[in-house]
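These are the residues of each chain, in order.
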Amino acid sequence: MNQSFFIGAVGAHQQLKRLTVHGNNIANLNTYGFKAEKSRFASLVYDDVKATDLEMRPYGVGAALWTTDTDFKSGPLTETRRDQDYAIAGDGFFAVADLTSGDITLTRNGAFVISELQRPTGDVDEEGQDIMEIVYYLSDNEGRFVLSDTGGMIEVEDEHKMQPVGVFDYINYDGMEHVNDTYFRAIEKNGGIRMGEGEVVQGFLEMSNADLAEEMTKVIESQRAYGMALKMVQVSDEIETTINGLRG
């Protein structure tokens, strides 16, 4: 089979994957704290060929979507005047903890809410059961609780008051695991956690950093590359058909 057939087929498939990346960026243009992803392509190397110096060299044709990098630059801030909305002016992340799993994730989406939890008061009733009290904490409305600048949960006594929301940061963001559209999880290569230098602003939220004009440009590029790849597959098939016909 003509090698160009495989180049075109792989190229078309990889451009579809690229369209998925940029389509997701466009879909999250209005998602608070969203960080756009950038597609990165690499040449395919899948064989060895003997070079002029008789040494074996890696060889391959075509390209594939190798990785998607996250763009961590800050998005614009928008004023909401809501007491539980927070944004970070500068570098860093909010940290939220899942009490069930103990997992801590990072986000720039500060659209928080006040959630209630029951905790024992330390006293017991006549039947020996713990007496519980309701306490209000700052959460992300998805079962995770926001951490303060001291690393503990934030107990809310006055919903209008500025809460001590912590800002945490890492030296290196490379390879940070993308949990979902606005949440990230640090890995070993990111280094140790430290206090962030960003300033917490109440009554504001950070918008998505995806650029519609840039994303549409990438979508058009992928559409054209996809069409060219399919044309290559079609031409390769016609060549094979012609050659097989000559053999007859």
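Residues numbered from 1 in each chain as written. Predicted model: local features only at pLDDT ≥ 70, side-chain atom pairs only at ≥ 80, totals over all residues. Heavy atoms only, no water.

**Student:** Before we go on, may I ask you to explain the overall build of the protein in this structure?
**Tutor:** If you tally the helices and strands in the protein, you get 2 helices and 17 strands. By the compact-globule yardstick of 18 Å for 248 residues, the protein is too spread out, its C-alpha radius of gyration being 26 Å. When its C-alpha atoms are laid out on the principal axes, the protein stretches across 95 × 40 × 40 Å. When burial is assessed residue by residue, the protein has 34% of its 248 residues classed as buried. Put simply, 64% of the contacts in the protein that link residues at least 6 apart link residues at least 24 apart. Of the accessible surface of the protein, which amounts to about 14,600 Å², a share of 51% is contributed by carbon and sulfur atoms. Averaging the positions of the 21 positive and the 42 negative side-chain charges in the protein gives two centres separated by 13 Å. (Helix = DSSP H or I, 4+ residues; strand = E, 2+ residues; numbered from the N terminus. Rg over C-alpha atoms; globule rule 2.2 N^0.38 Å. Buried < 20%, exposed > 50% of the residue type's maximum accessible area, 1.4 Å probe, protein only. Contact = heavy atoms within 4.5 Å. Areas by Shrake-Rupley, 256 points an atom, 1.4 Å probe, with all protein chains shown as cover. Lys, Arg positive; Asp, Glu negative; His and termini not counted. Charge placed at Lys NZ, Arg CZ, Asp CG, Glu CD.)

**Student:** Looking at this model, I keep getting lost on the nonpolar core. Mind explaining?
**Tutor:** Considering soluble globular proteins, one finds that nonpolar side chains tend to be buried as a cluster. Grouped together as the largest cluster of nonpolar side chains are 13 residues, with contacts concentrated most on Tyr86, Phe94, Phe112, Leu138, Val146, Val165 and Val200. Breaking this core down by element, the ones donating at least two residues are strand S6 (86–89) and strand S7 (94–98). Contacts of Val146, omitting those with residues within four sequence positions, involve Ala95, Val96, Phe112, Leu138, Ser139, Asp140, Gly152, Met153, Ile154 and Val165. Counting 10 residues, the second largest nonpolar core, distinct from the first, contains Phe72, Ala97, Met176 and Phe184. (Core = buried A, V, L, I, M, F, W, Y, C linked by side-chain atoms within 4.5 Å.)

**Student:** It is not clear to me how a nonpolar patch on the surface should be interpreted in this structure. Could you clarify?
**Tutor:** On the surface, Val235, Ile239 and Ile243 cluster together into a nonpolar patch covering about 200 Å² of accessible area. By secondary structure assignment, the location of Val235 is in helix H2 (residues 212–247). (Patch = residues over 30% accessible without salt bridge, like charges linked within 9 Å, V, L, I, M, F, W, Y side chains within 5 Å. Salt bridge = Lys/Arg side-chain N within 4 Å of Asp/Glu carboxyl O.)

**Student:** It is not clear to me how the packing of aromatic side chains should be interpreted in this structure. Could you clarify?
**Tutor:** Two descriptors summarise a pair of aromatic rings, namely the distance from one centre to the other and the angle between the planes of the rings. Under the criterion given, the structure shown has 8 aromatic pairs. Ring centres of Tyr137 and Phe145 lie 6.2 Å apart, and the angle between their planes is 85 degrees; this geometry places the pair in the edge-to-face category. What makes Tyr137 buried here is its relative accessible area of 11%. Given the relative accessible area of 7%, Phe145 is considered buried. The structure contains a cluster of three or more aromatic residues connected by ring pairs, namely Phe72, Phe93, Tyr173 and Phe184. Note that Arg144 overlies the ring of Tyr183, its terminal NZ or CZ placed 4.2 Å from the centroid. (Phe/Tyr/Trp six-rings, centres within 6.5 Å; stacked < 30°, edge-to-face > 60°. Lys NZ or Arg CZ within 6 Å of the ring centre and 35° of its normal.)

**Student:** Would you mind showing me how to read the pattern of salt bridges here?
**Tutor:** If charged atoms from side chains of opposite charge come close, those side chains can pair. As enumerated under the stated definition, the model contains 16 salt bridges in all. In this structure, Arg81 and Glu79 form a salt bridge, with 3.4 Å as the shortest nitrogen-oxygen distance. Salt bridges linked by common partners bring Lys35, Arg108 and Glu206 together as one network.

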